[in-house]
Amino acid sequence: MKRSVLTRYRVMAYVTAVMLLILCVCMVVKYGFDKGEGLTLAVSQIHGVLFIIYLVFAFDLGSKAKWPFGKLLWVLVSGTIPTAAFFVERNVVREVEPLITDPATPLAKA
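(A) Focus on the overall build of the protein. Helices and strands together make up the secondary structure of the protein, namely 4 helices and 0 strands. Walking the protein from its N terminus toward its C terminus, one meets helices and strands in the order α-α-α-α. Computed over the C-alpha atoms, the radius of gyration of the protein is 17 Å, more than 25% above the 13 Å expected from 2.2 N^0.38 for a compact globule of 110 residues. Expressed as lengths along the three principal axes of its C-alpha atoms, the size of the protein is roughly 70 × 30 × 20 Å. When burial is assessed residue by residue, the protein has 33% of its 110 residues classed as buried. Considering only residue pairs separated by 6 or more positions, the protein has 72% of its internal contacts joining residues 24 or more positions apart.

So this is what it looks like as structure tokens:
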């Protein structure tokens with residue numbers, strides 16, 4: 001597995017999590033204060049597209065890391081729970097980092 005797969009996942013996990021938090025704030029403003037309907041629509045559409053990209057990258061990483069279905073499902077669903085993606089991303093990186101083979105890293109000779 002290459003480092004770029006993990007990097008793409010990390011970036012999309014953070015972007016998706018931040019956009020979900022922004023969307024939550026927009027929803028509170030829209031339904032709590034009856035303002036910002038246009039902004040909420042725009043943010044929800046942007047988050048939707050970014051979430052689909054996150055799903056693709058997370059699925060790619062999970063298939064290359066050979067995760068069981070339950071773990072893959074948890075990583076995919078974490079993008080729908082505010083702040084969950086931040087915590088899941090840290091655990092995923094900690095688990096996948098040792099699996100990465102970086103061709104730029106010279107091998108130590110025994």
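(B) View of a nonpolar patch on the surface. On the surface, a cluster of nonpolar side chains totalling about 490 Å² of accessible area is made up of Phe69, Leu73, Trp74, Val77 and Ile81. By secondary structure assignment, the location of Leu73 is in helix 3 (residues 69–77). Taking the relative accessible area as the measure of exposure, Leu73 reaches 41% and is therefore partly exposed.

(C) Representation of the side chain of Thr16 in the model. Within the element layout of this structure, Thr16 appears in helix 1 (residues 3–33). Residue classification places Thr16 among the buried residues on the basis of a relative accessible area of 1%. Residues within four places of Thr16 in sequence aside, it is in contact with His47, Leu50, Phe51, Tyr54 and Gly79.

The rules behind the values
- Residues numbered from 1 in each chain as written.
- Predicted model: local features only at pLDDT ≥ 70, side-chain atom pairs only at ≥ 80, totals over all residues.
- Heavy atoms only, no water.
- Helix = DSSP H or I, 4+ residues; strand = E, 2+ residues; numbered from the N terminus.
- Rg over C-alpha atoms; globule rule 2.2 N^0.38 Å.
- Buried < 20%, exposed > 50% of the residue type's maximum accessible area, 1.4 Å probe, protein only.
- Contact = heavy atoms within 4.5 Å.
- Patch = residues over 30% accessible without salt bridge, like charges linked within 9 Å, V, L, I, M, F, W, Y side chains within 5 Å.
- Areas by Shrake-Rupley, 256 points an atom, 1.4 Å probe, with all protein chains shown as cover.
- Salt bridge = Lys/Arg side-chain N within 4 Å of Asp/Glu carboxyl O.

Taken by themselves, the reported measurements are silent on function.
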